[in-house]
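Per-entry structural report
So you can see what is in the structure, the chains are spelled out below.
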2 protein chains.
Amino acid sequence: MFNKILLASDGSEHAIRAVEKALLLAQNNSNAFIEVVYVVDGDKSKADVLQNWNAVDIDFKRKEKLAFTEQKLKHAGVRYEINILHGDPGPSIVKYANEKVFDVCVIGSRGLNSLQEMVLGSVSHKVAKRANCPVMIVK
Amino acid sequence: MFNKILLASDGSEHAIRAVEKALLLAQNNSNAFIEVVYVVDGDKSKADVLQNWNAVDIDFKRKEKLAFTEQKLKHAGVRYEINILHGDPGPSIVKYANEKVFDVCVIGSRGLNSLQEMVLGSVSHKVAKRANCPVMIVK
């Protein structure tokens, strides 16, 4: 069984489909625990501050992005935890995955910023390459 | 549950670890069916013919590479099938995965030809990018 499941999410459509697959992995397994990580990009973080008047707004917007994910996890009755990290998404997820040790990492194939991904390579590709655990890439 | 599982294998160490993860996916699921595909590369196929005297030898060597995988599947008591394809590994696996429709494709992160992969990109990366189903990459 895959007990310790890391779900890397940016709240995008692909990430929502990734939740469904993470839940399939956790199905009928009372030991399953899903740890969701959402990475606030360094650049994005600065833009958020410039565009919003206060930290409460920023925090609210970030939480809003994960609301649907959290709803799905709650509805499935699985044990879960949501963590917000700051930094460059790819390396941040890899660092987290390798330090905490997971049975599997589930991630959407494309995130919110498709143009950047076409140039720099997708976050999912970076994670699949550098994380020590098996990585499930969801379309 | 993941019922229809495609296991792409080249008999390498990474592929053997991929079998273990495919079996974890099939665990406690009586509907699980693992379809193993082993792709005989076009170039490799010609080299095999030049180095070996008869087709029986070639066939034997190919089957030998999958023997350990088959042993593991048999021992686990899971339903499985082994298919040998011919062509370029990445595109052949993608075509097979997309035509037959699977719940998940499990593949090792690196195959037998690491030098070629460093230049051309790994087969697993190509599959993760182009297969329509979720792809689990195993280290």
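Let me begin by describing the structure that accompanies this report. (Residues numbered from 1 in each chain as written. Chains lettered and ligands numbered in written order. Predicted model: local features only at pLDDT ≥ 70, side-chain atom pairs only at ≥ 80, totals over all residues. Heavy atoms only, no water.)

Some remarks on the sheet that holds strand S2 (residues 33-40) of chain B
Formally: For two strands to be treated as a pair, DSSP must find no fewer than two bridges joining them. In DSSP terms, a helix is any run of H or I states spanning at least four residues, a strand is any run of E spanning at least two, and both are numbered starting from the N terminus. As a rule, the C-alpha atoms of each element are fitted with a line to give its axis, helices using only the stretch in contact, and angles between N-to-C directions run from 0 to 180 degrees. What makes two residues a contact is simply this: any of their non-hydrogen atoms within 4.5 Å.
Spatial ordering of the open sheet is given by S3(A)-S2(A)-S1(A)-S4(A)-S5(A)-S5(B)-S4(B)-S1(B)-S2(B)-S3(B), a layout of ten strands whose pairing is mixed. In this open sheet, the two strands that pair with only one neighbour each are strand S3 (79-86) of chain A together with strand S3 (79-86) of chain B. With strand direction ignored, the average angle separating the axes of adjacent strands in the sheet is 20 degrees. Along the sheet, helix H4 (residues 89-100) of chain A contacts strand S1 (4-9), strand S2 (33-40), S3 and strand S4 (104-108) of chain A; its crossing angle with S2(A), the most-contacted strand, is approximately 150 degrees. Contacting strand S1 (4-9), S2, S3 and strand S4 (104-108) of chain B, helix H4 (residues 89-100) of chain B crosses the sheet at an angle of about 150 degrees to S2(B).

Thoughts on the packing of H4(A) against helix H6 (residues 123-130) of chain A
Residues and elements named next belong to chain A. As a reminder, the rule being used: Helix crossings get a hand from a simple test, with the near helix turned counterclockwise from the far one by less than a right angle marking a left-handed crossing and a clockwise turn marking a right-handed one.
Interhelical geometry of H4 versus H6 gives an angle of 30 degrees and a closest axis separation of 9 Å. Note on packing geometry: the crossing formed by H4 with H6 is right-handed. Side by side, H4 and H6 meet where Pro89, Gly90, Ile93, Val94 and Asn98 of the first sit next to Val123, Lys126, Val127 and Arg130 of the second.

What to know about the interface of chain A and chain B
Operational definition: Buried area: the accessible area, evaluated with a 1.4 Å probe, that two parts lose upon being put together, summed over both parts. Note on definitions: salt bridges are taken to be side-chain nitrogens of Lys or Arg within 4 Å of carboxyl oxygens of Asp or Glu. Counting of polar contacts relies on pairs of N or O atoms within 3.5 Å, with two restrictions inside protein: one atom must be capable of donating a hydrogen and the other of accepting it, and residues adjacent in sequence are counted only when both atoms are side-chain atoms. Residues were grouped as follows: Ala, Val, Leu, Ile, Met, Phe, Trp, Tyr, Cys and Pro as nonpolar; Asp, Glu, Lys and Arg as charged; and all remaining residues, including Gly, as polar.
Between chain A and chain B, the residue contacts involve 22 residues of the former and 22 residues of the latter. Each partner contributes to the roughly 1,700 Å² buried at the junction of chain A and chain B, and carbon and sulfur atoms together form 62% of this total. Across the chain A-chain B interface, the total number found is zero salt bridges. Here chain A and chain B share nine residue pairs in polar contact (both at pLDDT 80 or more) between them. Looking at the side of chain A that touches chain B, the elements with two or more residues in it are helix H1 (13-26), H6 and strand S5 (135-138) of chain A. For the side of chain A that touches chain B, the element with the highest residue contribution is H6(A), accounting for five residues. Counted by class, the side of chain A that touches chain B contains 14 nonpolar, four polar and four charged residues.

Just distances and angles here, no functional claims.
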